[in-house]
Amino acid sequence: MISRRLFAALALTALVATACGTDDAEDTAVRADGSVDFSQVTLRLGDQKGTGLQALLESAGELKTVPYKIEWSQYTSGPPMLEAINSGAVDFGGVGNSPPIFAAAAKSAIKIVSAYRAGTAGQAILVPKDSPLRAPADLKGKKIAVAKGSSSHHHLLTVLAKNGLSFDDIQPQYLQPADALAALSTGRVDAWSIWDPYTAQGQAQTGARILVDGNGYVNGDAFFIAGSKALQSKSRTAAIRDLVGRIQRAHAWADQHPEQWAQTWGQLTGLPTEVTLVAAKRDPYEDHPLDAATIDAEQQVADAFTEAKLIPNKVRVADFVDTRFNDLFPPAS
């Protein structure tokens, strides 16, 4: 069960952040005519190996022409990144479908501003190559590693529910990816619910096999999140708009150049290129707007966590969505 003390702490941080208001009451980067002097803007971006935002933008050549300054911070997964965004230490970052739900449940000062489909094949529950587990129902009573509040948390919850099980039927082991990989390889857990490129890493380095992937269980949506304070700043909002467009172009480039993308991804994250190449080819990107269908699907994720009593209260996803950048994206197919 998720610690209520953790949610209380996050909620308090959110309250303090909201009370402080915007730190850009006098936005010096905004010229008298209302235009933005990007040379005076610094955008603080969160990143993680699982999304590789810096690697993606660098590989696609999008960082060469950025007119504002960027400060990067690295995180092991989405939840700690959203804590940083909520506190105002980071302005923007990419996460899976579950971290925004846990942040919203803690009343964090965050907004979902952009969506893309990262695929379902790389979202997987891995087991050791010689494991006797052959079907999702075999997970009953087993120790399963999972990053709390991550997209893999929702995938695991959905797999269990569709196979007549609940979290009470397993022994969840809340571990970040590096620790979970070690636990799987040494037999301290029976399975690992994870996402790419860690799925590919587990397969390549330990010979793990996929017990079940995300097909038929999750829609593969991922999101970019901005801090409410950043969105109150005209100059940082303008920079975020520019960045979202660059990410869209970089996604399209990566889909067409998986080998080049995988090489840079590996170099900047320390993962072997053969691992990142599997991940790059397995699930192409598909950008789409934050339309009603996307918001409804994310609401289903929130409701699943509420019903499982993994978050302490019901979340209304629409309250944590900002659609001002929808015009940058083609309608969802």
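Before reading on, note that the structure itself is shown above.
Residues numbered from 1 in each chain as written. Predicted model: local features only at pLDDT ≥ 70, side-chain atom pairs only at ≥ 80, totals over all residues. Heavy atoms only, no water.

Engineer: Teacher, can you tell me more about the packing of helix 9 (residues 234-256) against helix 10 (residues 258-269) here?
Structural biologist: To characterise two packed helices, one gives the angle between the axes of the helices and the distance between these axes. Two numbers describe how helix 9 lies on helix 10: the axes approach to 5 Å, and their chain directions differ by 110°. Comparing their axes, helix 10 and helix 9 come out roughly perpendicular. Each of Trp-253, Ala-254, Asp-255 and Gln-256 in helix 9 lies in contact with helix 10, whose residues at this interface are Pro-258, Gln-260 and Trp-261. Taken together, the residues of the contact of helix 9 with helix 10 break down into four nonpolar, two polar and one charged. (Axes fitted to C-alpha atoms, helices over the stretch in contact; angles between N-to-C directions. Helix = DSSP H or I, 4+ residues; strand = E, 2+ residues; numbered from the N terminus. Parallel < 35°, antiparallel > 145°, perpendicular 65-115°, else oblique. Contact = heavy atoms within 4.5 Å. Nonpolar A, V, L, I, M, F, W, Y, C, P; charged D, E, K, R; others polar.)

Engineer: Please clarify how helix 11 (residues 273-282) should be interpreted in this entry.
Structural biologist: Buried within helix 11 we find Val-275, Thr-276, Ala-279 and Ala-280. Down the axis of helix 11, the smallest arc covering the buried residues is 130°, so these residues share one side. Projecting away from the buried face of helix 11 at angles above 90 degrees are the exposed residues Glu-274 and Lys-281. Packed against the buried residues of helix 11 are helix 7 (198-206) and helix 10. (Buried < 20%, exposed > 50% of the residue type's maximum accessible area, 1.4 Å probe, protein only. Arc of directions from axis to C-beta.)

Engineer: Looking at this model, I keep getting lost on the sheet that holds strand 5 (residues 124-127). Mind explaining?
Structural biologist: Whenever strands of a sheet pair, they do so through backbone hydrogen bonds, lying parallel or antiparallel. Taken in spatial order, the five strands line up as 7-6-8-5-9 in an open sheet, and their pairing is mixed. The open sheet has two edge strands, strand 7 (171-174) and strand 9 (209-213), and neither has a second partner. When the angles between neighbouring strand axes are averaged without regard to direction, this sheet yields 30°. Relative to strand 8 (residues 191-194), strand 6 (residues 143-146) runs parallel, the two sharing two bridges. (Pairing = 2+ DSSP bridges.)

Engineer: What is the right way to look at the pattern of salt bridges in this model?
Structural biologist: When the charged atoms of two side chains with opposite charge come close together, those side chains can pair. Evaluated as defined, the whole model comprises 14 salt bridges. Where Arg-246 meets Glu-62, a salt bridge forms, and the shortest distance between an N and an O atom there is 3.2 Å. Separated by 184 residues along the polypeptide, Arg-246 in helix 9 and Glu-62 in the loop between helix 2 (53-59) and strand 2 (69-74) bring together distant segments of the chain. Of the two residues, Arg-246 and Glu-62, both sit in the buried class. It is possible to trace a salt-bridge network through shared partners that takes in Glu-62, Asp-242, Arg-246 and Arg-249. (Salt bridge = Lys/Arg side-chain N within 4 Å of Asp/Glu carboxyl O.)

Engineer: Would you explain the nonpolar core in this entry?
Structural biologist: The tendency in soluble globular proteins is for nonpolar side chains to be buried side by side. Ranked by internal contacts, the top residues of the largest apolar core, which has 45 residues, are Ile-125, Leu-139, Leu-156, Ile-225 and Phe-305. Looking at this core element by element, the count peaks at five residues for helix 4 (residues 99-105). Dropping the residues within four chain positions of it, Ile-125 is found in contact with Leu-139, His-155, Leu-156, Val-159, Ala-191, Trp-192, Ser-193, Arg-209, Ile-210, Leu-211 and Val-212. Grouped together as the second largest cluster of nonpolar side chains are 36 residues, Ala-226, Trp-261, Ala-262 and Phe-325 included. (Core = buried A, V, L, I, M, F, W, Y, C linked by side-chain atoms within 4.5 Å.)

Engineer: For this particular structure, what's the right way to read the packing of aromatic side chains?
Structural biologist: Geometry of an aromatic ring pair is reported as the spacing of the ring centres plus the angle between the planes. Scanning the entire structure with this criterion turns up seven aromatic pairs. For the ring pair Phe-102 and Phe-305, a centre distance of 4.8 Å and an interplane angle of 75° mean the geometry is edge-to-face. Taken as a pair, Phe-102 in helix 4 and Phe-305 in helix 12 (residues 292-307) lie far apart in primary sequence, 203 residues in all. A relative accessible area of 9% means that Phe-102 is categorised as buried. On the numbers, 5.8 Å between centres and 85° between planes, the contact of Trp-195 with Tyr-198 is edge-to-face. The same class applies to Trp-195 as to Tyr-198, namely buried. Grouped by ring-pair contacts, the aromatic residues Phe-92, Tyr-116, Phe-224 and Tyr-285 constitute a single cluster. Of note, Lys-148 hangs over the ring of Tyr-174, and the distance from its end group to the ring centre comes to 4.8 Å. (Phe/Tyr/Trp six-rings, centres within 6.5 Å; stacked < 30°, edge-to-face > 60°. Lys NZ or Arg CZ within 6 Å of the ring centre and 35° of its normal.)

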